[in-house]
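# Coordinate analysis (summary)
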Amino acid sequence: MFGSRNARERSVTCIACGDSVARSDAREYDKHGDRWDRRDKEFEHLCKPCFADLCRQPREGLETTLDAAGAGEADRETFLRRFRELSEGDSSVE
Ligand SMILES: [Zn+2]
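Computed from a prediction, not measured in an experiment: that's the story for all the values here.

### A short note on the coordination of the zinc ion
Summarising the metal site, the zinc ion is bound by the protein donors Cys14 (SG), Cys17 (SG), Cys47 (SG) and Cys50 (SG), whose distances to it range over 2.3 Å. Coordination at the zinc ion comes from 4 donor atoms whose angles at the metal span 104 to 114°, giving a geometry best classed as tetrahedral. On the primary sequence, the residues serving as donors to the zinc ion are separated as C-x2-C-x29-C-x2-C. Pair noted here: Cys17 is in the loop between β1 (11-13) and β2 (20-22) and Cys50 is in helix α1 (residues 48-54), with a separation of 33 residues, a long-range link. Assessed through its relative accessible area of 14%, Cys50 is described here as buried.

### Thoughts on the pattern of salt bridges
Counted by the stated rule, this structure contains 2 salt bridges. Note that Glu28 is salt-bridged to Arg23, the shortest N-O span being 3.5 Å. The exposure class of Arg23 is partly exposed, given its relative accessible area of 29%. Across the pair Asp25 and Lys48 runs a salt bridge whose closest N-O atoms are separated by 3.8 Å. Pair noted here: Asp25 is in the loop between β2 and β3 (27-29) and Lys48 is in helix α1, with a separation of 23 residues, a long-range link. For Asp25, a relative accessible area of 38% corresponds to the partly exposed category.

Cut-offs applied
- Residues numbered from 1 in each chain as written.
- Predicted model: local features only at pLDDT ≥ 70, side-chain atom pairs only at ≥ 80, totals over all residues.
- Heavy atoms only, no water.
- Donors = N, O, S within 2.8 Å, 3.2 Å for Na, K, Ca; no water.
- Tetrahedral: all angles 85-135°; square planar, octahedral: opposite > 155°, others 65-115°.
- Helix = DSSP H or I, 4+ residues; strand = E, 2+ residues; numbered from the N terminus.
- Buried < 20%, exposed > 50% of the residue type's maximum accessible area, 1.4 Å probe, protein only.
- Salt bridge = Lys/Arg side-chain N within 4 Å of Asp/Glu carboxyl O.

Here is the structure:
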């Protein structure tokens, strides 16, 4: 039902910065875009600062970056490293 917030607060890990945040403070991110289909799925989570940050990017760019970084496939450490590299984009652009 609606409004029962006394369940234990679970914490989740932000896929972008690796911080632990309370689940209620995190934003779910489903790279497949169908967040209502929860079968056998583990959602990725972003903390608010990262979510705000990512949302400044064009959606298309975000998908590409997350995908290229191996979201949902690579292990967390690898993903985070790649994600940071790709996000910083200091190697080839300009
Ligand atoms: Zn974060």
